[in-house]
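Breakdown of the fold
Here is how the chains run, residue by residue.
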Amino acid sequence: MIASSKNDSPEGEDTATERQPFFVDKNEPKNDSVDYPAIEAAVRVILESVGEDPDRDGLLETPARVARMYAEMFAGLKSDPGRHLAKVFEEDYDEIVLVRDISFCSMCEHHLLPFTGKAHIAYLPSGKVVGLSKLARVVEEVARRPQVQERLTHTVANLIEERLSARGVAVVVESTHSCMTMRGIRKPGSLCLTSAMRGTFKTDPKSRAEVLGLINRSAG
């Protein structure tokens, strides 16, 4: 959903770009159940509760902006990320397929603060492969939910194993959590790593070591 505010334009009118975006991604997840007015009302309460005036110029449009942000950040709640894995190609290839450094941004469900990082996905095909960009789309869509990193990691691994009937799946996620770097213990630079192994990568130590070696290998 594309929302615009007249106050966002210097002339007080919608711009052509806001009315009609140049590019629309048909695969973009959508969540039509978002209650924008309820979010706006809640944000006003929060601002008032911390001693702010939600009616001053700088905050006047903030509730609406936050509502649109939440709709974007949580767009994956009502979608099926596995749909991106429906189109497969028959291929006589049975070695590791690996896509590294898939960037993402998700929202920690404990404090509703973002955690950002990279996901690395590897799988052993069983006669069929999927377009590499589809793996990135799965990560992107799973990330658009309030969650913890551990769940994100396992969800991606389960989807790939189930939808591709892969003989082995390895997912490694590394990210920085705002709830640890900007509040509480306040330790910038701290990195959280999680992994999920399925099939051969879980049961065969040599295969596991091979895929982890590829994931950890320095570029160049």
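Whatever comes next refers back to the structure up there.
Quick look at the structure, then.

Analysis parameters
- Here, residues in each chain are numbered from 1, in the same order as that chain's written sequence.
- Per-residue local features are limited, in this predicted model, to residues with pLDDT of at least 70; the limit for side-chain atom pairs, both in listing and counting, is 80 or more; totals at the level of whole chains, interfaces and linings are taken over all residues.
- Only heavy atoms go into the side-chain values, all of them from the structure, while hydrogens and water stay out.
- The salt bridge criterion pairs a side-chain nitrogen of Lys or Arg with a carboxyl oxygen of Asp or Glu, the two atoms within 4 Å.
- Helix numbering and strand numbering both begin at the N terminus, where a helix is a DSSP run of H or I of at least 4 residues and a strand a DSSP run of E of at least 2.
- The cut-offs for exposure are 20% and 50% of the maximum accessible area for each residue type, with area from a 1.4 Å probe on protein chains only; residues under the lower value are buried, those over the upper are exposed, and the others partly exposed.
- Given a helix with a known number of residues, its expected span is that number minus one, times 1.5 Å.
- Of all possible arcs, the one meant is that of the directions from the helix axis to the C-beta atoms.
- The contact criterion used is simple: two residues touch if any of their non-hydrogen atoms lie within 4.5 Å.
- Remark: nonpolar core denotes a set of buried residues (Ala, Val, Leu, Ile, Met, Phe, Trp, Tyr, Cys) joined through side-chain atoms within 4.5 Å.
- When the centres of two rings from Phe, Tyr and Trp lie within 6.5 Å, Trp using its six-membered ring, the rings pair. Their planes under 30 degrees apart give stacked, over 60 give edge-to-face, and anything left gives tilted.
- We call two strands paired when DSSP finds no fewer than two bridges between them.
- Each axis is a line fitted through C-alpha atoms, taken for helices only over the stretch in contact, and angles between the N-to-C directions span 0 to 180 degrees.

Side note on the pattern of salt bridges
Taken as a whole and assessed by the stated rule, the structure comprises nine salt bridges. In this structure, Asp-55 and Arg-44 form a salt bridge, with 3.1 Å as the shortest nitrogen-oxygen distance. Of this pair, Asp-55 sits in the loop between helix H2 (36-49) and helix H3 (62-73) while Arg-44 is found in helix H2, placing the two residues 11 residues apart along the sequence. By relative accessible area, which is 46% here, Asp-55 ends up partly exposed. Here Glu-140 and Arg-144 are joined by a salt bridge, their closest N and O atoms 2.9 Å apart. For Glu-140, a relative accessible area of 32% corresponds to the partly exposed category. Arg-144 sits in the buried class, given a relative accessible area of 8%. Linked by salt bridges that have partners in common, Arg-44, Glu-48 and Asp-55 make up one network.

Thoughts on helix H8 (residues 205-216)
Here H8 is 12 residues long and its end C-alpha atoms lie 16 Å apart, about the 16 Å a rise of 1.5 Å per residue gives. Listed in full, the buried residues belonging to H8 are Ser-207, Val-211 and Ile-215. All buried residues of H8 project into a common sector of 70° when viewed along the axis, lining one side. Among the exposed residues of H8, those pointing more than 90 degrees away from its buried face are Pro-205, Lys-206 and Asn-216. On the buried face of H8, the contacting elements are strand E2 (97-108), strand E3 (113-124), strand E6 (168-177) and helix H7 (200-203).

Re the nonpolar core
If you look at the biggest cluster of nonpolar residues, it comprises 30 residues, and the most contacted ones within it are Leu-85, Ile-121, Tyr-123, Leu-135, Leu-152, Val-156 and Ile-160. Where this core is concerned, the elements lending two or more residues are E2, E3, strand E4 (128-130), helix H4 (132-143), helix H5 (149-164) and E6. Those residues in contact with Val-156 that lie beyond four places of it in its chain are Ile-121, Val-138, Val-139, Val-142 and Val-171.

Side note on the packing of aromatic side chains
Applying the stated criterion across every chain yields a total of two aromatic pairs. The interplanar angle of 15° and the centroid separation of 5.5 Å between the aromatic rings of Tyr-70 and Phe-74 together place this pair among those described as stacked. Residue classification places Tyr-70 among the partly exposed residues on the basis of a relative accessible area of 22%. Aromatic pair Phe-104 and Phe-115: ring centres 6.0 Å apart, planes at 80°, arrangement edge-to-face. Remark: Phe-115 occurs in strand E3 and Phe-104 occurs in strand E2; sequence separation between them is 11 residues. Each member of the pair, Phe-104 as well as Phe-115, carries the same accessibility label: buried.

Concerning the sheet that holds strand E5 (residues 146-147)
One key point about sheets: their strands pair by backbone hydrogen bonds, in either a parallel or an antiparallel sense. Taken in spatial order, the five strands make up an open sheet running E5-E2-E3-E6-E7, and their pairing is mixed. With one partner strand each, in any of the chains shown, E5 and strand E7 (192-199) form the two edges of the open sheet. In this sheet, E3 lies alongside E2 in antiparallel orientation, the contact comprising 10 bridges. Each residue of the ladder has a partner; that of Leu-98, found in E3, is Ala-122. Together, E2, E3, E5, E6 and E7 form the strand contacts of H5, whose direction differs from that of E7 by roughly 25°. This element, H8, spans E2, E3, E6 and E7 of the sheet and lies at about 70° to E2.

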